Amino acid sequence: MPELPEVETVARALRPLEGARLTNFIVNDKKVWFESECEPEEFIGKNLTAIKRRGKYLIYDFGNLYILQHLRMTGKMLPDDSAIIPAKIRSTNSKQLRCEFRFDRGNYFFYDPRRFGTLTAVRDLAHYWKKKKIAPDPIEEESAAREHFMQAMGNTKRPAKASLLDQSIIAGVGNIYADEALFALGIHPLTISARIKKTAELFSLTRAILEKAIKARGTTVYNYVNPDGVAGSYALELKVYGRTGEPCPRCKTKKIQRLVITGRSSHFCAHCQKRS
DNA sequence: TATGGCCTGTAC
DNA sequence: GTACAGGCCATA
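The text that follows walks through the structure, step by step, so that each part is easy to find. (Residues numbered from 1 in each chain as written. Chains lettered and ligands numbered in written order. Predicted model: local features only at pLDDT ≥ 70, side-chain atom pairs only at ≥ 80, totals over all residues. Heavy atoms only, no water.)

A few words now on the protein's contact with DNA strand B. Every residue near DNA strand B is listed here: K31, Q96, P113, R114, R115, F116, T156, R158 and T262. In the interface set of DNA strand B, defined as its atoms within 4 Å of the protein, sugar plus phosphate atoms amount to 63%. Take Q96: an N or O atom from its side chain is 3.1 Å from a sugar or linking oxygen of DNA strand B. Here a phosphate oxygen of DNA strand B sits 3.3 Å away from a polar atom, N or O, in the side chain of R115. Taken together, the residues of the surface near DNA strand B sort by class into two nonpolar, three polar and four charged. (Near = heavy atom within 4 Å. Polar contact = N/O pair within 3.5 Å; in protein donor to acceptor, adjacent residues only side chain to side chain. Nonpolar A, V, L, I, M, F, W, Y, C, P; charged D, E, K, R; others polar.)

This is the structure we're talking about:
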């Protein structure tokens, strides 16, 4: 479920592990160890010096050697005694418990029912972001991210919705916050990106929505995401996402519509969000 | 640039 | 049973 605010919430919850030593590291699902520059065993015995984030990636900094974790749709980091992990999964050595981090300060499972999540070991972060075309983080590197966004948006004819989901244009935005940002500014999701006049405002508003969602500890739609088992509350703030058929909260006349754009569902108000 | 595939679970 | 799910990658 995680977009930037959810990943940030996870990073904050795991931050007490900074300074801890990784005493063991058990990979249960080989598929999780993706495009890595070394074997998992290389991390055993190392100190976790910092936990950072860029876009939707969690960064475990082991000092010139990093693990990048992507939670994709259903990935969660949970303490090994978490009640969120079903007993069935626990007792069958399911691959859904993708791996286990054992720190001298506590053990964590990477629990991921759909098994889309990944762990990637890298030595050179900057090189990795460049290779994967991940834009600067809109929260951590605001001005660089804004500059990049302005330039990239002016350069593409793709629909606004597709651009907001494109991590090479803005990092960390997924389907929920993309729909919310376009609604907040009254931009139709099919508007050609380069034709948007309020590009600067779109960046600022998207950033503001992400910040507000971080304060709410993220959005929880189907189940819990946070390592402490507490649900995020931003779902209460959603204006259009998942509200197909409900009256628009702004004009209160038209109903929220659903439209598939580049394979993903978009939610919007045809009255408040006109194509320019 | 758009499409299918990866996986499993849940809602209808 | 069918449709759908917050993301990304490989492929055409």
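The topology assignment puts R146 in helix 4 (residues 142–153). Looking at R146, the relative accessible area reads 27%, which means it is partly exposed. Look past the residues within four positions of R146 in its chain and what remains in contact with it is F203 and S204. (Helix = DSSP H or I, 4+ residues; strand = E, 2+ residues; numbered from the N terminus. Buried < 20%, exposed > 50% of the residue type's maximum accessible area, 1.4 Å probe, protein only. Contact = heavy atoms within 4.5 Å.)

We now examine the packing of helix 1 (residues 4–14) against helix 7 (residues 199–215). The N-to-C vectors of helix 1 and helix 7 enclose an angle of 40°; their axes lie 8 Å apart at closest approach. The angle between the axes of helix 1 and helix 7 places the two elements in the oblique class. Between helix 1 and helix 7 lies a crossing of right-handed hand. On helix 7, the residues touching L4, P5, E8, T9 and R12 of helix 1 are L210, A213 and I214. Its residues placed into classes, the contact of helix 1 with helix 7 shows five nonpolar, one polar and two charged. (Axes fitted to C-alpha atoms, helices over the stretch in contact; angles between N-to-C directions. Parallel < 35°, antiparallel > 145°, perpendicular 65-115°, else oblique. Left-handed = near helix turned anticlockwise from the far one by under 90°.)

A covalent bond between the sulfur atoms of two cysteines is what we call a disulfide. Following the criterion strictly, the structure yields zero disulfides and no others. C38 carries a free sulfur, and the closest cysteine sulfur to it, the one in C99, is 14 Å from it. The exposure class of C38 is buried, given its relative accessible area of 7%. In this structure C272 is not part of a disulfide, and its nearest cysteine sulfur, from C269, lies 3.7 Å away. With a relative accessible area of 15%, C272 lands in the buried category. (Disulfide = S-S within 2.5 Å.)

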